[in-house]
Amino acid sequence: MSTLKTENLKQYLTPFHIVVGIILLLGGFVTILRFTKGLGAVTNLTDNYPWGLWISFDLLCGVALAAGGYTTSAACYVFGLKRFHSAVRPAILTAFLGYALVVFALHYDVGRPWRLPYPFFVQSGPTSVLFEVGLCVFLYLITLFIEWVPAALEWLGIRKPRDIIVKATLALTIFGVVLSTMHQSSLGALFLIAPSKMHPLWYSSFIPLFFFVSSIAAGLSMVIFESTLSHHYLHDKMDETYLKEHDGVTYGFAKGAAMVLVLYFFIKVVGVALDNSWSYLLTGYGAWFLVELLGFVALPAFLYAIAVREKNLTLIRWTAVLTVLGIVLNRFNVSLVAFNWHLPPEMRYFPRWHEFVISIFVVTIGILVFRFIASRMPIFYEHPDFREHEPVELEEHELKPHPQTWGH
Amino acid sequence: MQRRTFLGLLGAAGMGAAVSTTAQAAGVKHFEGYPDSYGVLFDATRCIGCRSCEAGCNQVNGLPAPAKPFDDLGVLDKKRRTDAQTFTVVNRFDQIPGVAGAVFRKDQCQHCLEPACASACFVAAFTKTPQGAVIWDESVCVGCRYCMIACPFEIPTYEYNEPLTPRVMKCHMCHPHITTGKLTVPGCVGACPTEALVYGKRKDLLAVARQRFAAFPNRYLNHIYGEREMGGTNWLYISGVPFKYIGLREDLGVTPAPELTSGALAVVPIISAAWPVLLTGIYAINKRREKIATEEKKEAVKEALAKAKAQAKEELDKALAKAEAEKKSAIEREVKKALEEAAKAKAEAEAGAGQTEEGE
């Protein structure tokens, strides 16, 4: 009896579970602290730095990195690149969870989280860029939920509502692209109102365009990055079609990301030229700007191009990581480094460990929920009862995991 | 409410690209502030840094007592800013080129004619009152702190240690006290012993400032800070030293904060109008291309089939013809053979008959 118990325990005490357990415990602790003692007890925010890590990472990076949803579905359904079809569901799921977690994380940051719907239902401030961001994120979260629901309904075996939603795919995709264009760019536009607080190299009237274009590169790279991880950990949940299309998706997205990064590089240079900020390039901030622009925009563009030409999947995957890091770096540079650059060093902000804990906590929850859903619902495979086309080879059935299989 | 409508119109009027200058170009309207709004004129040449204004503000607003009393001037050794318990601070500025002693300046909300905080607030918690004050409404504030990001004067503060009901705290020019009749002038103005602060209608204050410039041309710089900065403010400053030496930024420009974002906001409705049409168009083009491709494929298959069929038919016909010919020749051969046999038989029969006749 007791040996059985210890064996059971051993089975659960994997390194993964231990790390997750520690993160969840710490996260719970900081959560309690936040809602009993206030932001002052868990953050280094000041009156000069009202926005810290939770806005920079959880909101700005979170939304940019969840851009895979609209880029993938637009590529497949609007631009007619049907060979990306098997990549749509994982991308939609990631985007949905990403946005849900953005909203979840905001509950820590804002003073009175239960008032988050106030701008839409109580009193609106339509002159605010944040109102636009909020409205779009709110609507897009609903859109992503609807786009994700068919997977859940197939899992539950409910056909009728699922068929109705699937029929609305194109409309939902277009709605999603419209909303994403608006709020991805508006996240950059948030900083337009504070030219006196921003370093001129990062402040530009084109910052909304920079944010939008870079979000496409981020979305494409995240799809590549995630599919690499999923391949590793959720391989048994993938069907023949997914596996067959996977390399094609990777090459296609890498090619797309290379082109978008080149576009992003050029408009960033034009931004410097228009504001005639060249002289700042010779300062310390200029060096840092060049690190971002050359090391995390130009370099990944070049590496993607090389990797696609040479059909080098490993290089593509590492370049995707580099691109994602570059977008994160950009969002940090805009919201933390360039912001308040005029303040003396002792007044600058660096996050407290509690802030890191909550950000890691939020990402961990995302990974857990993704794993829970992807190992149960038809995300990486087409549900045999709901396929669009009859399978060509019937023996494929044998390889497919049954939806009722309980993973891990 | 009126103001909000106006800002909305400004935003809607600023069509075109995300360039900040388009908002003004779209209309002939230019908001110059509420005509009879009130403000305060601060004269840096009169301020002695006694912190009486801080004490007055603290008292009328019932703010918590500070760690060090207001008559302790030692706190001036460090530059301070407003915080959640302090709506106004006085700072001392030493080592100003060409000035022997120190110069003091009071800091608080500037009460912009077109406030950045009000334009940035997504629940419209801030109101620019026709009386001049910028006030904040606790009943709708979500606590996002975008107002603090937006304010170019770094004024709004936040109660970081309140877990569930943090407020944004800032000077309201004693608007609630003056409208209820509790005060006739703001607490700080009433407490000032040197008349460094004057409360009055903004247009009168501008006139007072100019009179002082005229009366003492050597004492003042000929500039009223706040007349045009950030589109104009209801709090005005005059000074004998350049404003940058007393902590007022000279690089803020004269563009009202709402105009900085109105261009980008104006793109939003354009995107929501244009994108669906454009994307549906792209979809339709791809769909059509796909349809044409399938049709062409079908056509090609059909053609190939027809060709194959024709070829097959030709071959069949040939074979048939050949078979027919063979059949014909076979028949002919058979007929010929039959005829020959018949002739032979006949000949034999005839020969046989001759023999029997002979035998008879």
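Please refer to the structure higher up on the page.
Just so it is clear, the model here is predicted, and its values are computed rather than measured.

Visitor: Account for the overall build of chain B, naming residues and giving values.
Guide: A tally of regular secondary structure across chain B gives nine helices and nine strands. Here chain B has a C-alpha radius of gyration of 49 Å; the compact-globule value for 360 residues is 21 Å, and the former is much larger. Scored against the burial criterion, the 360 residues of chain B give a buried share of 43%. For chain B, restricting intrachain contacts to residue pairs at least 6 apart in sequence, the fraction spanning at least 24 positions comes to 62%. Taken as a whole, chain B presents about 19,300 Å² of accessible surface, with 58% of it coming from carbon and sulfur. Charge-centre separation for chain B: the mean point of 46 positive side chains lies 12 Å from the mean point of 42 negative side chains.

Visitor: Could you give me a rundown of the overall build of chain A, with the residues and numbers involved?
Guide: Across its full length, chain A carries 15 helices and zero strands. For 408 residues, the compact-globule estimate of 2.2 N^0.38 gives 22 Å, and chain A sits close to it at 22 Å. When its C-alpha atoms are laid out on the principal axes, chain A stretches across 65 × 55 × 45 Å. Long-range pairs, those at least 24 residues apart, make up 79% of the contacts in chain A with a sequence separation of at least 6.

Visitor: Tell me about the nonpolar core, and please be specific about residues and values.
Guide: Membership of the largest hydrophobic core comes to 191 residues, with the highest contact counts inside it found for Trp148 of chain A together with Tyr146 of chain B. Of the residues forming this core, the biggest block, 15 residues, is contributed by helix 8 (residues 129-156) of chain A. Setting aside its immediate chain neighbours within four residues, Tyr146 of chain B contacts Trp51, Ser128, Val129, Leu130, Ala189, Leu190 and Ile193 of chain A together with Ala120 of chain B. Counting residues in hydrophobic clusters, the runner-up holds nine residues, among them Leu41, Ala209, Leu236 and Ile238 of chain B.

Visitor: Could you give an account of the packing of helix 10 (residues 169-189) of chain A against helix 11 (residues 207-233) of chain A, with specific residues and numbers?
Guide: All names here are of chain A. Close contact between helix 10 and helix 11 brings their axes to 7 Å; oriented N to C, the two are set at 130°. Regarding the angle of helix 10 to helix 11, the classification is oblique. Between helix 10 and helix 11 the crossing geometry is right-handed. Contact residues: Thr181, Gln184, Ser185, Leu187, Gly188 and Ala189 in helix 10; Ile207, Pro208, Phe211, Phe212 and Ser215 in helix 11.

Visitor: Give a description of the interface of chain B and chain A that names residues and reports values.
Guide: Each side of the interface is counted separately: chain B has 60 residues, and chain A has 61 residues. Summed over both partners, the interface of chain B with chain A comes to about 5,200 Å²; 62% of that surface belongs to carbon and sulfur atoms. Together, Phe122, Ile149 and Tyr160 of chain B form the three largest contributors to the area buried by chain B at its contact with chain A, with a combined 15%. The tally of links between chain B and chain A comes to three salt bridges. Two residues, Glu290 of chain B and Lys82 of chain A, come together in a salt bridge whose shortest N-O distance is 3.0 Å.

Visitor: Any chance you could break down the packing of helix 12 (residues 240-274) of chain A against helix 13 (residues 284-310) of chain A for me, citing the residues and the numbers?
Guide: Residue and element names in this part refer to chain A. Running from N to C, helix 12 and helix 13 point in directions that differ by 150°, and their axes come no closer than 8 Å. By the angle between their directions, the pair helix 12 and helix 13 is classed as roughly antiparallel. For helix 12 against helix 13, the interelement crossing comes out left-handed. Across from Tyr251, Ala254, Lys255, Ala257, Ala258, Leu261, Val262, Tyr264, Phe265, Lys268, Val269 and Val272 in helix 12, the residues of helix 13 making contact are Phe289, Glu292, Leu293, Leu294, Val297, Ala298, Pro300, Ala301, Tyr304, Ala305 and Val308. Residue composition of the contact of helix 12 with helix 13, grouped by class: 20 nonpolar, no polar and three charged.

Visitor: I'd like to hear about a nonpolar patch on the surface, residue by residue, with values.
Guide: Residue and element names in this part refer to chain A. A grouping of Leu13, Ile18, Ile22, Leu26, Phe29 and Trp353 is seen on the molecular surface, where their side chains present a nonpolar patch of about 580 Å² in accessible area. Here the nonpolar patch gets four residues from one element, more than from any other, and that element is helix 2 (residues 15-37). Checked against the element boundaries, Ile22 lands in helix 2. Classification of Ile22 as partly exposed rests on a relative accessible area of 47%.

Visitor: Can you lay out the pattern of salt bridges for me, pointing to particular residues and giving the numbers?
Guide: Residues and elements named next belong to chain A. Summed over the entire model, instances satisfying the criterion amount to 22 salt bridges over all chains. Asp236 is the partner of Lys237 in a salt bridge, and the nearest nitrogen-oxygen pair spans 3.6 Å. Where salt bridges share partners, they join Arg89, Glu154, Arg162 and Asp163 into one cluster.

Visitor: Run through the packing of aromatic side chains, naming residues and quoting values.
Guide: For any pair of aromatic rings, the description rests on two quantities: the centre-to-centre distance and the angle between the ring planes. Taken as a whole and judged by the stated rule, the model has 31 aromatic pairs over all chains. Between Phe57 of chain A and Phe332 of chain A the ring centres are 6.4 Å apart and the planes differ by 75°, which places this aromatic pair in the edge-to-face class. Residue Phe57 of chain A is found in helix 4 (residues 53-65), and its partner Phe332 of chain A is found in helix 14 (residues 313-337); the two are separated by 275 residues along the sequence. Using a relative accessible area of 26% as the deciding quantity, one classes Phe57 of chain A as partly exposed. Look at Phe332 of chain A and you get partly exposed, because its relative accessible area is 23%. Their ring planes at 75° and their centres at 6.1 Å tell us that Tyr225 of chain B and Tyr237 of chain B sit as a pair that is edge-to-face. Pair noted here: Tyr225 of chain B is in the loop between helix 8 (202-215) and strand 9 (235-238) and Tyr237 of chain B is in strand 9, with a separation of 12 residues, a long-range link. Of the two residues examined, Tyr225 of chain B and Tyr237 of chain B, each falls in the buried class. Ring pairing ties together the aromatic residues Tyr49, Trp51, Phe191, Phe339 and Tyr349 of chain A together with Tyr146 of chain B, which thus form one cluster.

Visitor: Tell me about the pairing of strand 9 of chain B, residues and numbers included.
Guide: Residue and element names in this part refer to chain B. Alternating residues of strand 9 divide into Trp235 and Tyr237 and Leu236 and Ile238, and every residue in both groups is buried. As paired strands, strand 1 (residues 38-43) and strand 9 are joined by four bridges and run parallel to one another. In the strand pairing of strand 9, Val40 is matched with Trp235.

What counts, and where the lines are drawn
- Residues numbered from 1 in each chain as written.
- Chains lettered and ligands numbered in written order.
- Predicted model: local features only at pLDDT ≥ 70, side-chain atom pairs only at ≥ 80, totals over all residues.
- Heavy atoms only, no water.
- Helix = DSSP H or I, 4+ residues; strand = E, 2+ residues; numbered from the N terminus.
- Rg over C-alpha atoms; globule rule 2.2 N^0.38 Å.
- Buried < 20%, exposed > 50% of the residue type's maximum accessible area, 1.4 Å probe, protein only.
- Contact = heavy atoms within 4.5 Å.
- Areas by Shrake-Rupley, 256 points an atom, 1.4 Å probe, with all protein chains shown as cover.
- Lys, Arg positive; Asp, Glu negative; His and termini not counted.
- Charge placed at Lys NZ, Arg CZ, Asp CG, Glu CD.
- Core = buried A, V, L, I, M, F, W, Y, C linked by side-chain atoms within 4.5 Å.
- Axes fitted to C-alpha atoms, helices over the stretch in contact; angles between N-to-C directions.
- Parallel < 35°, antiparallel > 145°, perpendicular 65-115°, else oblique.
- Left-handed = near helix turned anticlockwise from the far one by under 90°.
- Buried area = accessible area lost by both parts, 1.4 Å probe.
- Salt bridge = Lys/Arg side-chain N within 4 Å of Asp/Glu carboxyl O.
- Nonpolar A, V, L, I, M, F, W, Y, C, P; charged D, E, K, R; others polar.
- Patch = residues over 30% accessible without salt bridge, like charges linked within 9 Å, V, L, I, M, F, W, Y side chains within 5 Å.
- Phe/Tyr/Trp six-rings, centres within 6.5 Å; stacked < 30°, edge-to-face > 60°.
- Pairing = 2+ DSSP bridges.

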